[in-house]
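What follows is the residue order along each chain.
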Amino acid sequence: MASTFFAPSEYSDGDLSIRAYRPGDGAALQRATLASYEHLRPWMPWATNDYSIEQAEAVCRRAHANYLLNDDFTLSIWLGGELAGGSGFHLREGPLASRNAQIGMWISAAYAGQGLGSRALAALLAWGFSDWPWERLTWHCDTRNVASARVAEKNGLTREGTLRADRFGVDGQRRDTHIYAILRDEWLQRQGA
Ligand SMILES: CC(C)(COP(=O)(O)OP(=O)(O)OC[C@H]1O[C@@H](n2cnc3c(N)ncnc32)[C@H](O)[C@@H]1OP(=O)(O)O)[C@@H](O)C(=O)NCCC(=O)NCCS
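Along each chain, numbering runs from 1 in the same order as the chain's sequence is written. Note on the predicted model: pLDDT of at least 70 is required for a residue's local features to be given, and 80 or more for side-chain atom pairs to be given and counted; whole-chain, interface and lining totals, by contrast, use all residues. Only heavy atoms go into the side-chain values, all of them from the structure, while hydrogens and water stay out.

This part takes up the overall build of the chain. Secondary structure elements follow DSSP: runs of H or I no shorter than four residues count as helices, runs of E no shorter than two count as strands, and numbering proceeds from the N terminus. Broken down by element type, the chain carries six helices and eight strands. Put simply, the chain runs from its N terminus to its C terminus through helices and strands in the order β-β-α-α-α-β-β-β-α-β-α-β-β-α. Relative to the compact-globule value of 16 Å for 193 residues, the chain shows a C-alpha radius of gyration of 16 Å, a close match. A principal-axis box enclosing the C-alpha atoms of the chain has dimensions of 45 × 40 × 30 Å. For every residue, the accessible area obtained with a 1.4 Å probe (protein chains only) is divided by the maximum for its type, and the residue is called buried under 20%, exposed over 50%, and partly exposed between those limits. Out of the 193 residues belonging to the chain, those deemed buried represent 47%. Long-range pairs, those at least 24 residues apart, make up 61% of the contacts in the chain between residues at least 6 apart in sequence. Calculation of accessible area relied on Shrake-Rupley with a 1.4 Å probe; when residues are assessed, cover is drawn exclusively from the protein chains displayed. If you sum the accessible surface of the chain, you get close to 9,800 Å²; carbon and sulfur atoms cover 50% of it. Charge-centre separation for the chain: the mean point of 20 positive side chains lies 3 Å from the mean point of 22 negative side chains. We take the radius of gyration over the C-alpha atoms and set the globule estimate at 2.2 Å times the residue count to the 0.38 power. Any two residues whose heavy atoms approach within 4.5 Å at even a single point are treated as in contact. Charged-residue counts in this description rest on Lys and Arg as positive and Asp and Glu as negative, His and the chain ends being excluded. Each charge is placed at NZ for Lys, CZ for Arg, CG for Asp and CD for Glu.

Next up, the structure:
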C-alpha cells in the first residue's frame, strides 16, 4: 500500500487550513515557536528558545520529504494565513498498512485557549476519516495536561487507559500518559446522529 498511497496534502475549512509543511515555511515556524516557548516548554520536549530560521527551515524540509515518502505525516495549522500551530498523523502505532495513526498537536501561544485546538482536532478527524485510510486515531497526553485532555474529550475520543510512569516528562520526572482513541465507525456514526 505504501508505494501507491499519495497522501492528501491540505484540508481547508473557512479561515482554517491544515497542510503539509513546505520548503519556505521555516521563518513562520521559527517565529511561532520562539514566541510560544514558555507556553510549549512544559509539554513539548522539542521546544527551545534558541532556534534559527535555518534550523526551522531544515525541520520543514525534512517533514516535507518524510510526508512524500509516507514515512510520517507532520502537519502545520494556519489561521488566516498565519502559522498558528502544528499537528500530524504520526505513524507511531504501526505502519501505514495498520491504518492507525497518532495525532499530535501544538497551538501557538497567540492562538491558544481560544478554541483553535478543539476546532483543529475536529477538522483532523473529518479529514482523517474521509480522505485518509485511518481506521483508528489516537491522542496521547500527559495526565497533567488539562487542556489537551479536554480537546480530546470534546471531540468524542474515548480514554482507553492510562500508562503509568511510561516516560520522562520535560522536567525529567517520570510521568503518566492518558491514551485517547476514536474509531472510523464510531466517528461516522456520530456524524449521522
Ligand atoms: C493543548 C492545546 C493543543 C489545546 O489547544 P487550545 O487551542 O489551547 O485549546 P482550546 O482553546 O480548544 O480549549 C480546549 C479546552 O481546554 C481548556 N483549556 C484551554 N487552555 C487551558 C489551560 N491552560 N488550562 C486548563 N484548561 C484549558 C478550554 O477551556 C477548553 O475546555 P472547555 O471547552 O471545557 O472550556 C494547546 O493549549 C497547546 O498547544 N498546548 C501546549 C502544547 C501541548 O500541550 N500540546 C498537546 C500535547 S498532547
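What follows concerns the site of the ligand. The environment of the ligand is made up of 23 residues, and the closest members are Ile107, Gly115, Ser118, Asn145 and Lys154. Within the backbone of Met105, one N or O atom sits 2.8 Å away from a nitrogen atom of the ligand. Two N or O atoms count as a polar contact when they lie within 3.5 Å, although within protein this holds only if one can serve as hydrogen donor and the other as acceptor, and sequence-adjacent residues are included solely when both atoms are side-chain atoms. Side-chain polar atom of Arg150 to an oxygen atom of the ligand: 2.8 Å apart, as the coordinates give it. Protein burial of the ligand: of its 920 Å² of free accessible surface, 71% is covered by the chains. Looking at the shell around the ligand, the elements that each hand over two or more residues are helix H2 (37-40), strand E5 (100-107), helix H4 (116-128), strand E6 (136-142) and helix H5 (146-154). Near residues are defined by distance, with any heavy atom within 4 Å of the molecule or strand qualifying the residue.

Any two strands between which DSSP finds at least two bridges are classified as paired. Pairing is mixed across the open sheet formed by eight strands, whose spatial order is E1-E2-E3-E4-E5-E6-E8-E7. Where the open sheet ends on each side, the last strands, each with one partner, are strand E1 (10-13) and strand E7 (158-168). Between one strand axis and the next, the sheet turns through 25° on average, direction left out of account. Note: E6 against strand E8 (residues 174-183), seven bridges, orientation antiparallel. Lines fitted to the C-alpha atoms define the axes, with helices restricted to the stretch that makes contact. Angles between their N-to-C directions range from 0 to 180 degrees.

Attention now goes to the pairing of E6. With five of seven residues buried, E6 lies mostly within the body of the structure. Judged from the three bridges that link them, E5 and E6 form a sheet pairing that is parallel. Paired with Gln102 across the strands is Thr138, a residue of E6. A crossover connection joins E5 to the parallel E6 through H4; in handedness this β-α-β unit is right-handed. Crossover handedness is defined here as right-handed if the route from the first strand over the helix to the second strand goes clockwise, with the strands pointing away from the viewer.

That's the geometry; what it means functionally is another story.
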